[in-house]
Amino acid sequence: IMSHNPSFSQLFVARSHRLCKYVKDTIGADPCRAFKTFGELLQSLESLLPKIKCTRELFLPSQHIDFARFKREVYQGNSPRDLDALIVWTNIRTFIKGSMEALQEPSFILLQEDYVKKFGKRRCRLSRAQRKFTYKVFLRYQSYMKDLNLWDDCDRISGLLQRLQLAKSSHPSIFEKVRCSKIYVDEV
């Protein structure tokens with residue numbers, strides 16, 4: 001049985017403590033299983049992983065940009081033909097900063113040409129013109145964040161991914177400490 005293998009570990013991640021507790025009570029506690037909220041997971045990784053000079057170390061809540069703040073402070077789609085702010089926000093997080101393709105870029109940001117041309121209609125439903133508009137908003141968004149020293153969830157995750165890569169090669173004992181065989185995520 002896999003649960004008796006000391007190198008096997010499982011992690012369940014959810015937004016709420018209540019859901020973590022429910023899953024833990026349902027499937028049972030086991031030394032190879034961990035149940036964490038998304039926030040707990042981020043804090044745990046940030047405290048354990050080696051630091052990198054090129055990544056942000058401090059994520060103050062007052063400097064966090066979420067959708068409401070993006071819509072209020074950055075997005076200015078005032079013509080009826082413009083895309084809804086939520087669609088633009090979702091495309092930035094899903095494709096430009098949050099896709100596997102973006103994570104393979106040195107900057108962890110998908111180039112405009114790739115965003116406009118790379119994804120088919122089944123993956124990204126926006127037209128090329130809408131994608132160009134979205135990328136224009138994204139550039140304004142990045143500039144705004146840089147000017148005010150703000151961060152979003154994608155910045156925090158990409159920083160952690162860089163730190164995980166460093167740990168894997170230069171701090172194998174730390175990497176093994178945070179490595180999991182299976183990760184189950186509930187709408188994080």
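Values in this document were obtained by computation on a predicted structure and should not be read as measured data.

A. Fine view of the overall build of the chain. A count of helices and strands for the chain gives nine helices and three strands. Starting at the N terminus and ending at the C terminus, the chain contains elements arranged as β-α-β-α-α-α-α-α-α-α-α-β. Expressed along its principal axes, the backbone C-alpha trace of the chain runs to roughly 60 × 40 × 35 Å. Relative to all contacts within the chain whose residues are 6 or more apart in sequence, the contacts with residues 24 or more apart total 60%. As presented, the chain carries roughly 12,000 Å² of accessible surface, and 55% of it is formed by carbon and sulfur atoms. Of the charged side chains in the chain, 33 are positive and 20 negative, and the gap between their average positions amounts to 3 Å.

B. View of unusual backbone geometry. Positive phi outside glycine occurs at Phe 108, with the angle close to 60 degrees. Relative to the elements of secondary structure, Phe 108 occurs in the loop between α5 (100–103) and α6 (112–117). Here Phe 108 falls in the buried class, since its relative accessible area comes to 17%. Not every positive phi belongs to a glycine, and Asn 149 is a case in point at roughly 55 degrees. With respect to the secondary-structure elements, Asn 149 resides in the loop between α7 (128–148) and α8 (153–170).

C. The arrangement of the sheet that holds strand β2 (residues 33–37) in detail. Ordered by their spatial adjacency, three strands build an open sheet running β2-β1-β3, and the pairing between neighbours is parallel. Each edge of the open sheet carries a strand with a single partner, namely β2 and β3 (182–186). Taken pair by pair, the neighbouring strands of this sheet meet at an average axis angle of 15 degrees, ignoring direction. Here five bridges tie strand β1 (residues 10–14) to β3, and the two strands are oriented parallel to one another.

D. Representation of the pattern of salt bridges in the model. Applying the stated rule across the entire model yields nine salt bridges. A salt bridge links Asp 155 to Lys 97, with the nearest nitrogen and oxygen atoms 2.8 Å apart. With a gap of 58 residues between them, Asp 155 in helix α8 and Lys 97 in the loop between α4 (85–96) and α5 connect regions that are remote in the sequence. By relative accessible area, which is 23% here, Asp 155 ends up partly exposed. Taking the shortest distance from any N to any O, the salt bridge between Glu 101 and Arg 123 comes out at 2.7 Å. Placement of the pair is Glu 101 in helix α5 and Arg 123 in the loop between α6 and α7, with a sequence separation of 22 residues. In this structure Glu 101 comes out as buried when scored by relative accessible area, which is 17%. Taking relative accessible area as the criterion, Arg 123 reaches 43% and is therefore assigned partly exposed.

E. Examining the packing of aromatic side chains more closely. On inspection of all chains with the given rule, the structure shows twelve aromatic pairs. Here Tyr 75 and Phe 133 contribute two aromatic rings whose centre-to-centre distance is 6.3 Å and whose plane-to-plane angle is 90 degrees, an arrangement assigned as edge-to-face. Residue Tyr 75 is located in the loop between α3 (67–73) and α4, and its partner Phe 133 is located in helix α7; the two are separated by 58 residues in the primary sequence.

F. Examining α8 more closely. Here α8 contains 18 residues, and its C-alpha end-to-end distance of 26 Å stays within 8% of the 26 Å for a straight helix at 1.5 Å per residue. Among the residues of α8, those classed as buried are Cys 154, Arg 156, Ser 158, Gly 159, Leu 160, Gln 162, Arg 163 and Ala 167. For α8, the secondary structure elements touched by its buried residues are α2 (38–48), α4, α5 and α9 (172–178). For α8, the N-terminal cap is Asp 152; the gap from its side-chain oxygen to the backbone nitrogen of Cys 154 is 3.1 Å.

The rules behind the values
- Residues numbered from 1 in each chain as written.
- Predicted model: local features only at pLDDT ≥ 70, side-chain atom pairs only at ≥ 80, totals over all residues.
- Heavy atoms only, no water.
- Helix = DSSP H or I, 4+ residues; strand = E, 2+ residues; numbered from the N terminus.
- Contact = heavy atoms within 4.5 Å.
- Areas by Shrake-Rupley, 256 points an atom, 1.4 Å probe, with all protein chains shown as cover.
- Lys, Arg positive; Asp, Glu negative; His and termini not counted.
- Charge placed at Lys NZ, Arg CZ, Asp CG, Glu CD.
- Buried < 20%, exposed > 50% of the residue type's maximum accessible area, 1.4 Å probe, protein only.
- Pairing = 2+ DSSP bridges.
- Axes fitted to C-alpha atoms, helices over the stretch in contact; angles between N-to-C directions.
- Salt bridge = Lys/Arg side-chain N within 4 Å of Asp/Glu carboxyl O.
- Phe/Tyr/Trp six-rings, centres within 6.5 Å; stacked < 30°, edge-to-face > 60°.
- Expected span 1.5 Å × (residues − 1).
- Polar contact = N/O pair within 3.5 Å; in protein donor to acceptor, adjacent residues only side chain to side chain.

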